[in-house]
Amino acid sequence: MQNQRLKEICNDKEVNFKSIETLLDSVKTKKLLKRNNYHQQKINDVIEKAIK
């Protein structure tokens, strides 16, 4: 539903929806990688603490 609304707004403003969609995918990927990195760091911290 949000995608459809975004497409409508893009059409109204004469903006290329595909380019906006690509940017959104990029942001989603960046956030996922950042979140995964955070979890990996926490796992590493726990392992390091257990080894000591």
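Going by the structure above, here's the rest.
None of the values given here were measured: they were computed from a predicted structure.

Peer 1: Just checking my understanding: could you explain unusual backbone geometry for this structure?
Peer 2: Most peptide bonds adopt trans geometry, and most residues besides glycine take a negative phi value. A positive phi is found at Glu 14, a non-glycine position, where the angle reads about 60 degrees. One can find Glu 14 in the loop between α1 (2-13) and α2 (17-51). Looking at Glu 14, the relative accessible area reads 75%, which means it is exposed.

Peer 1: Before we go on, may I ask you to explain a nonpolar patch on the surface in this structure?
Peer 2: Side chains of Ile 43, Ile 47 and Ile 51 sit close together on the surface and give an oily, nonpolar patch of about 300 Å² of accessible area. Relative to the elements of secondary structure, Ile 43 occurs in helix α2. Ile 43 sits in the partly exposed class, given a relative accessible area of 45%.

Peer 1: What is the right way to read the pattern of salt bridges from this model?
Peer 2: Oppositely charged side chains may form a pair once their charged atoms are brought near each other. Here the structure, examined in full by the defined rule, presents 2 salt bridges. Note that Glu 8 and Arg 5 form a salt bridge whose closest N and O atoms lie 3.4 Å from each other. Note that Glu 8 and Arg 5 are positioned in helix α1 at a spacing of 3 residues, about one turn of the helix. Since its relative accessible area comes to 36%, Glu 8 is described here as partly exposed. By relative accessible area, Arg 5 is classed as partly exposed at 46%. Its salt-bridge partner being Glu 21, residue Lys 18 comes within 3.3 Å of it at the nearest N-O pair. Of this pair, Lys 18 and Glu 21 are both found in helix α2, 3 residues apart, which corresponds to roughly one turn of the helix.

Peer 1: Would you take a moment to explain α1 for this structure?
Peer 2: Helical geometry note: an α-helix holds 3.6 residues per turn, so side chains three or four residues apart project in the same direction. Relative to the 16 Å expected for 12 residues at 1.5 Å per residue, α1 spans 16 Å between its end C-alpha atoms, a close match to the ideal helical length. After α1 finishes, the residue Glu 14 shows a positive phi value of roughly 60 degrees.

Criteria and cut-off values
Sequence positions are assigned chain by chain, starting from 1 and proceeding in written order. Local features in this predicted model are restricted to residues whose pLDDT is 70 or higher, and side-chain atom pairs enter the listing and the counts only when it is 80 or higher, whereas totals over whole chains, interfaces and linings include all residues. Side-chain numbers come from the whole structure's heavy atoms, not from hydrogens or water. Secondary structure elements are defined from DSSP: runs of H or I of at least 4 residues count as helices, runs of E of at least 2 residues count as strands, and each element is numbered from the N terminus. For every residue, the accessible area obtained with a 1.4 Å probe (protein chains only) is divided by the maximum for its type, and the residue is called buried under 20%, exposed over 50%, and partly exposed between those limits. Like charges are joined within 9 Å and nonpolar side chains (Val, Leu, Ile, Met, Phe, Trp, Tyr) within 5 Å, but only among residues with over 30% relative accessible area and no salt bridge; these make up the patches. Accessible surface is estimated by sampling points in the Shrake-Rupley manner with a 1.4 Å probe; for residues, cover comes only from the protein chains shown. By definition, a salt bridge exists where a carboxyl oxygen of Asp or Glu is found within 4 Å of a side-chain nitrogen of Lys or Arg. By this rule the span expected of a helix is its residue count minus one, scaled by 1.5 Å.

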